[in-house]
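Residue strings, one per chain:
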Amino acid sequence: MRSRNFLYAEQVTLSWDPPGLQAGVDEAGRGPLAGPVVAAAVILDELRPIAGLADSKKLSAARREKLFDEIRAKALCCSIAEASVEEIDRLNILQATLLAMRRAVEGLRLKPVKVMVDGNQLPRLDVLAEAVVKGDSLIPSISAASILAKVHRDRWCAQMHAQYPDYGFAGHKGYGTAAHLAALREHGPCPEHRRTFAPVREAEALLAGRQCSL
């Protein structure tokens, strides 16, 4: 009798790559206290190389913005997807990240024969996939995906700064900086904060305590 594990496809690293299109995948926004987690998938065009691709964290904001436009113009196809704050709080941040990655791959106009994902975790896909630690520094298509995801999320932060100026999203990008934590303690969470993250829970409890004492 076959075990239950037989029913689930395994994704393994091969010593050779199948011929065909390969996509790179990366995410942005796992660590922040607010907003969606964003993932991008990119299939580059070998005939239209893009100079200067690198881990998005090692590039200036201006350079990322320029490369964002170039990637969108030159890649064979690319896709950007999100998992919402509600999904992060319901599933946990890891599972929400893998969900966003799967959505990004499924959103590609062309189907790759292999997907290379930055890190050591893989979303469940219907194509061959390989996790590559520090792939955003090693594999151009993953670098391109990291840039798309980072710029997309930074633009979201700019929009949220306009909507919720008390929190300073344009500066800290949702991360738990001293300024962000101080704003949380003073104003409580906004609708875009991740309620399951400890600093947000603590700020919400503090605000509730103040209201009860009035």
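As shown above, the structure is provided for reference.
Calculation notes
- Residues numbered from 1 in each chain as written.
- Predicted model: local features only at pLDDT ≥ 70, side-chain atom pairs only at ≥ 80, totals over all residues.
- Heavy atoms only, no water.
- 1 Å grid on protein atoms, 1.4 Å probe; cavity = no way out; pocket = protein on both sides within 12 Å on 5 of 7 lines; lining within 4 Å.
- Points joined across faces, edges and corners; volume = space filled by probe spheres on them.
- Nonpolar A, V, L, I, M, F, W, Y, C, P; charged D, E, K, R; others polar.
- Core = buried A, V, L, I, M, F, W, Y, C linked by side-chain atoms within 4.5 Å.
- Buried < 20%, exposed > 50% of the residue type's maximum accessible area, 1.4 Å probe, protein only.
- Helix = DSSP H or I, 4+ residues; strand = E, 2+ residues; numbered from the N terminus.
- Salt bridge = Lys/Arg side-chain N within 4 Å of Asp/Glu carboxyl O.
- Disulfide = S-S within 2.5 Å.
- Pairing = 2+ DSSP bridges.
- Contact = heavy atoms within 4.5 Å.
- Phe/Tyr/Trp six-rings, centres within 6.5 Å; stacked < 30°, edge-to-face > 60°.
- Lys NZ or Arg CZ within 6 Å of the ring centre and 35° of its normal.
- Expected span 1.5 Å × (residues − 1).

(A) Inspection of the layout of surface pockets at higher detail. Here the largest pocket defines a volume of roughly 340 Å³. Forming the walls of the largest pocket are 15 residues, and the residues nearest its centre are Gln22, Ile43, Leu44, Asp45 and Glu46. Broken down by class, the residue content of the lining of the largest pocket amounts to 9 nonpolar, 3 polar and 3 charged. If you add up the space inside the second largest pocket, you get close to 250 Å³.

(B) Fine view of the nonpolar core. One finds Val25, Val37 and Val115 to be the most contacted residues of the largest nonpolar core, which totals 28 residues. Counting residues per element, the ones that place at least two in this core are strand E1 (22–28), strand E2 (37–43), strand E3 (77–83), helix H3 (93–106), strand E4 (114–118) and helix H8 (198–213). Per element, the largest residue contribution to this core is 7 residues, and it comes from H3. Grouped together as the second largest cluster of nonpolar side chains are 17 residues, Val38, Phe68, Ala75 and Ala149 included.

(C) Representation of the pattern of salt bridges. One pass over the full model with this rule turns up 11 salt bridges. The salt bridge partner of Arg103 is Glu87, with a shortest N-O separation of 2.7 Å. Of the two residues, Arg103 sits in helix H3 while Glu87 sits in helix H2 (residues 85–91), which places them 16 residues apart along the sequence. Residue class for Glu87 comes out buried when judged on its relative accessible area of 13%. Asp126 is the salt-bridge partner of Lys111, the closest N and O atoms lying 3.1 Å from each other. Of this pair, Lys111 sits in the loop between H3 and E4 while Asp126 sits in the loop between E4 and strand E5 (128–132); the two residues are 15 residues apart in sequence, bridging distant segments of the chain.

(D) Representation of the state of the cysteines in the model. Counted by the stated rule, this structure contains 0 disulfides. Unpaired in terms of disulfides, Cys77 finds its nearest cysteine sulfur in Cys78, a separation of 7.1 Å.

(E) A look at the pairing of E4. Taking burial as the measure, the 5 residues of E4 include 5 buried ones, the bulk of the element. Residues Lys114, Met116 and Asp118 point to one face of E4 and Val115 and Val117 to the other, with burial holding for every one of them. Note: E4 against E5, 5 bridges, orientation parallel. What sits directly across from Asp118, in E5, is Val132.

(F) Inspection of the environment of Arg30 at higher detail. Structurally, Arg30 can be placed in the loop between E1 and E2. Residue class for Arg30 comes out partly exposed when judged on its relative accessible area of 36%. Separated by 66 residues in the primary sequence, Arg30 and Ala96 have C-alpha atoms spaced 9.1 Å apart. When neighbours within four sequence positions are excluded, Arg30 is seen to be in contact with Val37, Ile93, Leu94, Thr97, Arg194 and Phe197.

(G) Quick look at the packing of aromatic side chains. Within the structure shown, the criterion is met by 3 aromatic pairs. Seen in terms of ring centroids, Trp156 and Phe169 are 6.1 Å apart; in terms of plane orientation they differ by 65°. Their pairing is edge-to-face. In this pair, Trp156 is assigned in helix H5 (residues 140–163) and Phe169 in helix H6 (residues 169–172), connecting sequence segments 13 residues apart. Both residues of the pair, Trp156 and Phe169, belong to the buried class. The ring of Phe68 carries Arg155 above its face, with NZ or CZ at 4.4 Å from the centroid.

(H) Molecular detail of helix H1 (residues 61–74). For H1, which comprises 14 residues, the first-to-last C-alpha distance of 20 Å matches the rise-based estimate of 20 Å (1.5 Å per residue) to within 8%. Of the positions making up H1, those classed as buried are Arg64, Leu67, Phe68, Glu70 and Ile71. Residues of H1 that are buried in the fold lie against E2, E3 and H5.

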